[in-house]
Amino acid sequence: MRRLRAAAGPARENRGAGSQRCPGRRTQRRGRAVGDGLLAQLRPPRLASALNTSSSAAGSLAAMEPGPPGGSRPAEPGRRLSGAPLATSASSRSAARAEPGRLSLAVAAVLPAGGSGERMGVPTPKQFCPILDRPLISYTLQALERVCWIKDIVVVVTRENMEAMRSIIRKYQHKHISLVEAGVTRHRSIFNGLNALAQDQPDCKLCKPEVVIIHDAVRPFVEEDVLLKVVIAAKAHGAAGAIRPLVSTVISPSADGCLDHSLERARYRASEMPQAFLFDVIYKAYQQCSDYDLEFGTECLHLALKYCDTKAKLVEGSPDLWKVTYKRDLYTAESIIKERISQELCVVMDTKEEKEPISYLLEALRNELNHVKVTCGALGYAGRDTQHILEQCYSFACVNFMTSDFHKTKKLLSMLEESDLSILYPVVVVSVHFFDFKLVPLSQRMENLMWIREFAKEVKKRNILLCGLLISYSQGSVCPGAYADLFQGVPHVAHLLTWRSASPKQDEQKLQETLTQGAIIIAALIRERSLGFVGQLLVA
Ligand SMILES: Nc1ccn([C@@H]2O[C@H](COP(=O)(O)OP(=O)(O)OP(=O)(O)O)[C@@H](O)[C@H]2O)c(=O)n1
Ligand SMILES: O=P(O)(O)OC[C@@H](O)[C@@H](O)[C@@H](O)CO
């Protein structure tokens with residue numbers, strides 16, 4: 001597991017109030033407001049019943065169709081739902097309202113990200129701590145940006161961290177982000193975010209939404225369906241929040257530090273995020289909020305109840321909604337992200353013809369990984385199909401049969417470099433070279449294969465992790481010692497030579513063992529995405 005580094009970057013202090021539109025690219029208004037029939041195409045009985053919302057109330061919201069299977073990237077749980085573009089700006093939103101019987105719902109999100117992360121125990125505020133070399137907050141932004149009916153995302157950061165936040169937005173190409181200055185407490189930060197949305201000035205790029213989502217910037221694993229649930233529930237009830245079962249029992253200590261009483265755990269729930277509110281409800285609550293609440297409170301739902309007499313609808317959330325608080329949470333988040341992006345492997349081959357060793361390797365890979373997709377001929381042209389390949393996968397094995405040449409691998413690398421695939425996640429490329437020792441003296445090949453280090457150094461700059469895998473086998477029986485000299489002094493080669501004995505059955509078994517080993521190595525490289533293997537040449 002890679003050690004957590006305290007990156008230089010963002011500072012700790014929290015201050016002040018003020019709002020700024022994200023500089024750089026002019027933000028195109030994205031406005032897939034949640035409009036009529038939101039549930040009409042989203043299996044209303046399921047969702048409506050999940051919310052105890054009458055299907056008529058549910059049906060009064062916008063239309064939404066399930067996105068293409070696997071259409072979103074990276075390989076994340078749940079399916080991306082794309083909203084129908086019913087309202088894209090204040091003017092068209094009011095136009096949508098004008099249509100008889102059609103309601104539209106403008107939704108925005110406020111992400112409090114102005115904390116100092118004391119409990120994380122590192123110099124960098126946890127929202128900026130790297131996971132796979134990318135700040136934690138960028139994953140949360142990506143999760144919300146995938147939801148096309150959230151019009152604006154207001155990120156609340158300290159003045160000291162504004163520039164760091166802007167560079168994150170630029171580097172990871174986040175859109176529809178407005179920056180607002182944090183307060184000294186979480187509630188004050190959230191209030192600053194709501195103030196920015198409340199401006200609703202004609203020339204303001206931020207419009208006051210009907211429903212506002214509040215979601216901690218350090219909860220990266222938020223999915224569209226829980227966002228949808230809390231928004232619909234907030235529309236019906238005024239407020240809604242995700243909850244989870246308690247893991248530990250809650251107790252009340254007495255003044256002398258002993259147990260006073262314990263709560264019956266089954267009767268209580270943990271309040272998580274996301275939460276959603278009718279904007280006017282939560283904004284009024286914050287406007288009326290006492291200084292004590294602003295200073296010491298931790299629960300937005302409580303403010304809606306206390307100051308607006310609004311009882312939030314509680315929505316069961318998934319286990320992944322937890323808040324990154326301690327260092328261990330970063331390790332957990334990294335493991336979850338690695339697991340999600342290593343679900344799929346794209347095996348790039350010249351032709352559909354699967355020579356025996358390759359077909360064995362594909363079979364072995366399918367035993368190791370959930371989805372193994374074989375793409376043939378894609379390297380011949382950078383067509384739409386190629387683009388489709390690049391969009392779906394973060395792990396590639398480029399098969400080179402009986403050659404140490406890197407031509408195909410380099411073609412794949414240049415396609416990856418031209419795509420934006422590796423901006424968000426490290427892309428693993430394994431250049432697989434099949435060799436039959438009987439036909440091709442290895443010594444002639446090793447020299448060429450060692451170029452992998454140079455290629456790997458180059459593409460690492462684009463977050464592409466390249467390494468090589470030599471799968472050596474022979475059509476006849478070969479004593480293992482006969483080739484040991486070939487590896488004398490050859491760096492980076494952990495050699496596990498394979499030979500074929502006299503009997504065909506044993507040959508077959510030996511070949512399958514070798515290819516199983518090769519598949520295990522490829523799967524490990526994909527799962528670990530360790531920088532330690534970049535530029536290395538492994539031998540199965
Ligand atoms: N003045 C503050 C304090 C917290 N937050 C944000 O509120 C979310 C949840 O708060 P918490 O987990 O308490 O974050 P920290 O206050 O940074 O953590 P700690 O209590 O360990 O210092 C985080 O995204 C944090 O950045 C904020 O926007 N403004
Ligand atoms: O980490 P803190 O205690 O500051 O606040 C965050 C959490 O309290 C909060 O996100 C949820 O409990 C839901 O309100």
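Quick note: structure is the one above.
Below: a short report on this structure. (Residues numbered from 1 in each chain as written. Chains lettered and ligands numbered in written order. Predicted model: local features only at pLDDT ≥ 70, side-chain atom pairs only at ≥ 80, totals over all residues. Heavy atoms only, no water.)

Quick word on the overall build of the protein chain
- Scanning the protein chain from N- to C-terminus turns up 18 helices and 21 strands.
- Expressed as a percentage of its 540 residues, the buried residues of the protein chain come to 54%.
- Considering only contacts in the protein chain between residues 6 or more positions apart, those separated by 24 or more positions represent 78%.
- In the structure as shown, the protein chain presents an accessible area of about 23200 Å², 52% of it carried by carbon and sulfur atoms. (Helix = DSSP H or I, 4+ residues; strand = E, 2+ residues; numbered from the N terminus. Buried < 20%, exposed > 50% of the residue type's maximum accessible area, 1.4 Å probe, protein only. Contact = heavy atoms within 4.5 Å. Areas by Shrake-Rupley, 256 points an atom, 1.4 Å probe, with all protein chains shown as cover.)

Thoughts on the site of ligand 2
- The local shell around ligand 2 consists of Arg-119, Arg-186, Asp-216, Arg-219, Ser-271, Glu-272, Met-273, Gln-275, Thr-298, Glu-299 and Lys-323.
- The separation between an oxygen atom of ligand 2 and a polar side-chain atom of Arg-219 is 3.1 Å.
- Note that an oxygen atom of ligand 2 is positioned 3.0 Å from one of the backbone N or O atoms of Ser-271.
- Protein contacts shield 77% of the accessible area of ligand 2, which totals 370 Å² for the unbound molecule. (Near = heavy atom within 4 Å. Polar contact = N/O pair within 3.5 Å; in protein donor to acceptor, adjacent residues only side chain to side chain.)

So, the packing of aromatic side chains
- All chains considered together, the criterion is met by 10 aromatic pairs.
- Judged by centre distance (5.1 Å) and plane angle (75°), the ring pair of Tyr-394 and Tyr-425 falls under edge-to-face. Taken as a pair, Tyr-394 in the loop between helix H13 (384-392) and strand S17 (395-401) and Tyr-425 in the loop between helix H15 (421-424) and strand S18 (427-436) lie far apart in primary sequence, 31 residues in all.
- Exposure remark for Tyr-394: the relative accessible area of 2% places this residue in the buried category.
- Overall, the relative accessible area of 3% leaves Tyr-425 in the buried class.
- Of note, Arg-134 hangs over the ring of Tyr-172, and the distance from its end group to the ring centre comes to 5.5 Å. (Phe/Tyr/Trp six-rings, centres within 6.5 Å; stacked < 30°, edge-to-face > 60°. Lys NZ or Arg CZ within 6 Å of the ring centre and 35° of its normal.)

Points about the pattern of salt bridges
- Summed over all chains, the structure comprises 20 salt bridges.
- Put simply, Asp-216 and Arg-186 hold a salt bridge, and the shortest N to O gap is 3.0 Å. With Asp-216 in the loop between strand S9 (211-214) and helix H7 (224-237) and Arg-186 in helix H6 (residues 186-198), this pair connects stretches of sequence that are 30 residues apart.
- Two residues, Arg-340 and Asp-320, come together in a salt bridge whose shortest N-O distance is 2.9 Å. On the criterion of sequence distance, the pair formed by Arg-340 in helix H11 (residues 327-341) and Asp-320 in the loop between strand S14 (313-316) and H11 is long-range, its members being 20 residues apart.
- Among the charged side chains, a network of salt bridges with common partners joins Arg-186, Asp-216, Arg-219 and Glu-272. (Salt bridge = Lys/Arg side-chain N within 4 Å of Asp/Glu carboxyl O.)

Brief notes about the side chain of Asp-329
- Relative to the assigned elements, Asp-329 resides in helix H11.
- Buried charge without a partner: Asp-329 forms no salt bridge, and the closest opposite charge is Arg-328, 4.2 Å away.
- Here the side chain of Asp-329 touches Thr-325 through a polar contact of 2.8 Å, landing on its backbone nitrogen.
- Here the side chain of Asp-329 touches Tyr-326 through a polar contact of 2.7 Å, landing on its backbone nitrogen. (Lys, Arg positive; Asp, Glu negative; His and termini not counted.)

Digging into the site of ligand 1
- Taken together, 20 residues surround ligand 1, and among them Gly-114, Gly-117, Glu-118, Lys-126 and Ser-189 come closest.
- Interatomic distance of 2.7 Å between a backbone N/O atom of Gly-117 and an oxygen atom of ligand 1.
- Here an oxygen atom of ligand 1 and a side-chain polar atom of Arg-119 are 2.8 Å apart.
- Here ligand 1, which alone exposes 560 Å², has 89% of that area covered by the protein.
- Along the lines of polarity and charge, the residues of the shell around ligand 1 split into five nonpolar, nine polar and six charged. (Nonpolar A, V, L, I, M, F, W, Y, C, P; charged D, E, K, R; others polar.)

Considering the pairing of S14
- Side chains of S14 alternate between two faces, with Lys-313 and Val-315 buried and Leu-314 and Glu-316 left unburied.
- Two elements, strand S10 (residues 239-245) and S14, share four bridges in a ladder whose sense is parallel. What sits directly across from Gly-241, in S14, is Leu-314. (Pairing = 2+ DSSP bridges.)

What to know about the packing of H6 against helix H8 (residues 279-288)
- Two elements in contact, H6 and H8, have axes separated by 10 Å at closest approach and are oriented at 125°. Looking at the two axes, H6 sits oblique to H8. Every pair of crossing elements has a handedness; the one defined by H6 and H8 is left-handed. Contacts from His-187, Ile-190, Phe-191, Leu-194, Asn-195, Leu-197 and Ala-198 of H6 reach H8 at Phe-279, Ile-282, Tyr-283, Tyr-286 and Gln-287. (Axes fitted to C-alpha atoms, helices over the stretch in contact; angles between N-to-C directions. Parallel < 35°, antiparallel > 145°, perpendicular 65-115°, else oblique. Left-handed = near helix turned anticlockwise from the far one by under 90°.)

Let's talk about the environment of Pro-319
- Residue placement: Pro-319 occurs in the loop between S14 and H11.
- The class of Pro-319 is exposed, set by a relative accessible area of 57%.
- Along the chain, Pro-319 and Leu-439 lie 120 residues apart, while their C-alpha atoms are 54 Å from each other.

Notes on the nonpolar core
- Counting residues in hydrophobic clusters, the biggest one holds 118 residues, and the most contacted among them are Ile-150, Val-155, Met-165, Leu-365 and Phe-396.
- Leaving out residues up to four positions away in the same chain, Val-155 has contacts with Leu-111, Ala-113, Ile-137, Leu-141, Met-165, Ile-177, Ser-178, Leu-179 and Val-180.
- Counting 32 residues, the second largest nonpolar core, distinct from the first, contains Val-180, Ala-182, Phe-191 and Ile-282. (Core = buried A, V, L, I, M, F, W, Y, C linked by side-chain atoms within 4.5 Å.)

Here's the deal with helix H12 (residues 356-368)
- Its 13 residues give H12 an end-to-end C-alpha distance of 19 Å, which sits within 8% of 18 Å, the value for a rise of 1.5 Å per residue.
- Residues of H12 that are buried include every one of Pro-357, Ile-358, Tyr-360, Leu-361, Leu-362, Ala-364 and Leu-365, and no others.
- The secondary structure elements touched by the buried residues of H12 are strand S15 (344-349), strand S16 (371-376), S17, S18, strand S19 (464-473) and helix H18 (504-528). (Expected span 1.5 Å × (residues − 1).)

Looking at the packing of H8 against helix H10 (residues 300-308)
- It is at 8 Å that the axes of H8 and H10 come closest, and there the two elements cross at 80°. When the interaxial angle is binned, H8 and H10 end up roughly perpendicular. Residues Val-281, Ile-282, Lys-284, Ala-285, Tyr-286 and Gln-288 of H8 pack against Cys-300, Leu-303, Ala-304, Tyr-307 and Cys-308 of H10.
- Grouping the constituent residues of the contact of H8 with H10 by class yields nine nonpolar, one polar and one charged.

Keep in mind these numbers describe shape, not what the thing actually does.
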